[in-house]
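Listed here are the chains, written in short residue letters.
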Amino acid sequence: MSPYALTVLCLCFAIVAQTLATLAALRATLRPPYRRAWLALTIASSLLALHHGFTLELTSSTGLYDLPRAALGAIVSTLLALGIVGLGRETGQG
């Protein structure tokens, strides 16, 4: 698989993981007691998903890509999603 294809795959995976993190945080936002904190996590996670989307659009429209940055984004998004889902379950929010 070419580095370009791996970059696109990593960015798509990062968007999916970040969207799942956003949905988990949004679900936890609907219940007290930490609504503001969960809302901040929801907004931050959705902005990160948007950032990955813009990066994917730039990659597909110009052909410029950065595989290490895309792989790092996929790893961070996955860990953040796992953390938010786990935290939501721990606190009874998820």
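This write-up is about the structure you can find in this document. This structure is a prediction, so every number in the text was calculated from the model and none was measured. (Residues numbered from 1 in each chain as written. Predicted model: local features only at pLDDT ≥ 70, side-chain atom pairs only at ≥ 80, totals over all residues. Heavy atoms only, no water.)

Once that is clear, we can look at the nonpolar core. Within the largest apolar cluster, 7 residues are counted, these being A21, A24, A25, A28, W38, A81 and I84. The set of elements that each furnish at least two residues to this core consists of α1 (3-29) and α3 (67-90). Examining the composition of this core, we find that 4 residues originate from one element, α1, more than from any other. Counting 6 residues, the second largest nonpolar core, distinct from the first, contains L11, A14, L56 and A70. (Core = buried A, V, L, I, M, F, W, Y, C linked by side-chain atoms within 4.5 Å. Buried < 20%, exposed > 50% of the residue type's maximum accessible area, 1.4 Å probe, protein only. Helix = DSSP H or I, 4+ residues; strand = E, 2+ residues; numbered from the N terminus.)

Okay, the pattern of salt bridges next. Enumeration over the complete set of coordinates arrives at 1 salt bridge. Of the charged contacts in the structure, one is a salt bridge between R69 and D66, with a shortest N-O distance of 3.5 Å. Given a relative accessible area of 36%, D66 falls into the partly exposed group. (Salt bridge = Lys/Arg side-chain N within 4 Å of Asp/Glu carboxyl O.)

Think of an α-helix as 3.6 residues a turn; residues three or four steps apart then line up on the same face. When the terminal C-alpha atoms of α3 are compared, their 34 Å separation across 24 residues agrees well with the 34 Å that a helix rising 1.5 Å per residue should span. For α3, the full list of buried residues reads A70, G73, A74, S77, A81, I84 and G88. Looking at the buried residues of α3, the elements they touch are α1 and α2 (35-62). (Expected span 1.5 Å × (residues − 1). Contact = heavy atoms within 4.5 Å.)

Each neighbour pair has its own omega, and for P32 with P33 the value is 10 degrees, a cis peptide bond. Tracing the sequence through the fold places P33 in the loop between α1 and α2.

Our focus in this paragraph is the packing of α1 against α3. Interaxial distance between α1 and α3 falls to 8 Å at its minimum, and their mutual angle equals 20 degrees. What the angle tells us is that α1 and α3 run roughly parallel. When the axes of α1 and α3 are compared, the crossing they make is left-handed. Contacts from P3, L6, T7, C10, L11, F13, A14, A17, Q18, A21, A24 and A25 of α1 reach α3 at L67, A70, A71, G73, A74, S77, T78, L80, A81, I84 and V85. When its residues are assigned to classes, the contact of α1 with α3 shows 18 nonpolar, 5 polar and no charged. (Axes fitted to C-alpha atoms, helices over the stretch in contact; angles between N-to-C directions. Parallel < 35°, antiparallel > 145°, perpendicular 65-115°, else oblique. Left-handed = near helix turned anticlockwise from the far one by under 90°. Nonpolar A, V, L, I, M, F, W, Y, C, P; charged D, E, K, R; others polar.)

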